[in-house]
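Coordinates in review
As a plain string of letters, each chain reads:
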Amino acid sequence: NNSYLDYLNACNYLNIDMSIDKNRYPHEFRRWHDIRINEYASAKAKAEKEARKKFNAQFKIIAKKYESLQESCKGSFICIIAKSPNELVKEGKALNHCVGKMGYDKNFVDEKSLIFFIRDRENPKTPLTTIEYSLSSKRVLQCYGYGDKKPSKKIENYVYNEWLPYANKQLKKIDI
């Protein structure tokens, strides 16, 4: 029966000794089922919250490590590194693309690829283009504006001819 299986899974997660008869076959099963399911849900939520907190802290550490790859010295655009998974979600929603989903945050934390936001210098809060940068190949993997469309020629020129050479030069100074 599914209720017993749920109860058993919850008890195992909670490290309850199932070799003891009163745990394995509780009197008032429905009551104990509901108690264990609630305890399980609380414990799992707490564990997930801790894992998320740890993940977000690691994301910040990686962003800090590579913040010198940001560029804002000249021209009409600036490049900003993502500082949290939540920023990826906001960027994805604002530009109607998948950067806030699909594991980009995990690739970032694992230092496989970094996410940068291209902004107009005069309006740095408004998303224009998102880029995914590979640390191993030192190249732009993706460069998309709203709805996964190619950015303007002006932005593309900035990304590939100004920012990318700058970022690759900066990367040589970082201990990877």
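Refer to the structure presented above.
All values reported here derive from a predicted model rather than from experimental measurement.

Moving on to the environment of Lys154. Note that Lys154 resides in helix H6 (residues 153–171). Sequence separation between Lys154 and Lys49 is 105 residues, and the spatial gap between their C-alpha atoms is 42 Å.

Once that is clear, we can look at the nonpolar core. Formed by 32 residues in total, the largest nonpolar core has its most connected members in Leu114 and Trp163. Contributing elements (two or more residues each) for this core: helix H3 (29–65), strand S1 (77–81), helix H5 (104–109), strand S2 (113–120), strand S3 (129–134), strand S4 (139–144) and H6. When residues in this core are grouped by element, the largest group, seven residues, is from H6. In this view, Leu114 contacts Ile62, Tyr66, Leu69, Ile81, Phe108, Ile131, Glu132, Tyr133 and Leu135; residues no more than four positions away in its chain are not counted.

The four strands lie next to each other as S1-S2-S3-S4, forming an open sheet whose pairing is antiparallel. Every interior strand has two partners, whereas the edge strands, S1 and S4, have only one. On average, each strand axis in the sheet is tilted by 25 degrees relative to the strand beside it, whichever way the strands run. Bridging between S3 and S4 involves five bridges; their strand directions are antiparallel. If you follow Thr130 over to S4, its bridge partner there is Tyr144. In the packing of helix H4 (residues 85–95) onto the sheet, the strands contacted are S1, S2, S3 and S4, and the crossing angle to S2 comes to about 55 degrees.

Analysis parameters
- Here the residue numbers are simple positions, counted from 1 along each chain's written sequence.
- Local features in this predicted model are restricted to residues whose pLDDT is 70 or higher, and side-chain atom pairs enter the listing and the counts only when it is 80 or higher, whereas totals over whole chains, interfaces and linings include all residues.
- Remark: hydrogens and water are excluded; side-chain values derive from all non-hydrogen atoms of the structure.
- Helix and strand labels come from DSSP, where a helix needs a run of H or I of at least four residues and a strand needs a run of E of at least two; each type is numbered from the N terminus.
- Remark: nonpolar core denotes a set of buried residues (Ala, Val, Leu, Ile, Met, Phe, Trp, Tyr, Cys) joined through side-chain atoms within 4.5 Å.
- Only protein chains enter the accessibility calculation, which uses a 1.4 Å probe; a residue whose area is less than 20% of its type maximum is buried, one above 50% is exposed, and one in between is partly exposed.
- By definition in these notes, contact holds between two residues if any of their heavy atoms fall within 4.5 Å.
- Two strands are said to pair when DSSP picks up at least two bridges between them.
- Note on definitions: angles span 0 to 180 degrees between N-to-C directions of axes, and those axes are lines fitted to C-alpha atoms, for helices only across the stretch in contact.

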